[in-house]
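# Structural overview for review
Spelled out, the chains give:
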Amino acid sequence: MNKKLLFRNAHGKTVFCVLSGEKDHNEQLCAVFGFEKGRGYAAELWQNEVRIVDYFHGDTVASFPVLSFEETDLPVSLTQNT
């Protein structure tokens, strides 16, 4: 089943994306943020936040609070929806 991730973005807006329950959540989050493998940044889902990581240095460069992460019947949507 798909998972709806509700979080607050860098502009303070509440947004959501819908991730496939059958695929790696972090890989899908990279698509949500427009990151490509080998370009230096990755998105990682932690218990209560989404972290943007500079994986060359191992530093967290941004984090966004997760408001909810629940199962949904909505189709997969790898964009930040309002």
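The structure this text deals with has already been given above.
To keep things clear, this report deals only with the structure shown in the data block.

The rules behind the values
Residues numbered from 1 in each chain as written. Predicted model: local features only at pLDDT ≥ 70, side-chain atom pairs only at ≥ 80, totals over all residues. Heavy atoms only, no water. Pairing = 2+ DSSP bridges. Helix = DSSP H or I, 4+ residues; strand = E, 2+ residues; numbered from the N terminus. Axes fitted to C-alpha atoms, helices over the stretch in contact; angles between N-to-C directions. Contact = heavy atoms within 4.5 Å. Core = buried A, V, L, I, M, F, W, Y, C linked by side-chain atoms within 4.5 Å. Buried < 20%, exposed > 50% of the residue type's maximum accessible area, 1.4 Å probe, protein only.

## Quick word on the sheet that holds strand β4 (residues 49-54)
Read from one edge of the open sheet, 6 strands run β3-β4-β5-β1-β2-β6, paired in antiparallel fashion. Where the open sheet ends on each side, the last strands, each with one partner, are β3 (41-45) and β6 (77-81). Averaged over all neighbouring strand pairs, the angle between strand axes comes to 25 degrees, with direction disregarded. Sheet analysis places strand β2 (residues 14-19) next to β6, joined by 2 bridges and oriented antiparallel. When the bridges of β6 are listed, F16 appears paired with N81. Running at roughly 125 degrees to β3, helix α1 (residues 25-33) makes contact with β1 (2-8), β2, β3, β4, β5 (59-72) and β6 of the sheet.

## What to know about the nonpolar core
Formed by 14 residues in total, the largest nonpolar core has its most connected members in L5, F7, C17, L29 and V50. Counting only elements with at least two residues in this core, the list comes to β1, β2, α1, β3, β4 and β5. Once residues within four sequence positions are removed from consideration, V50 is found in contact with L5, L29, F33, E44, L45, A62, S63, F64 and V66.

So far we have only geometry, and geometry alone does not tell us how the molecule works.
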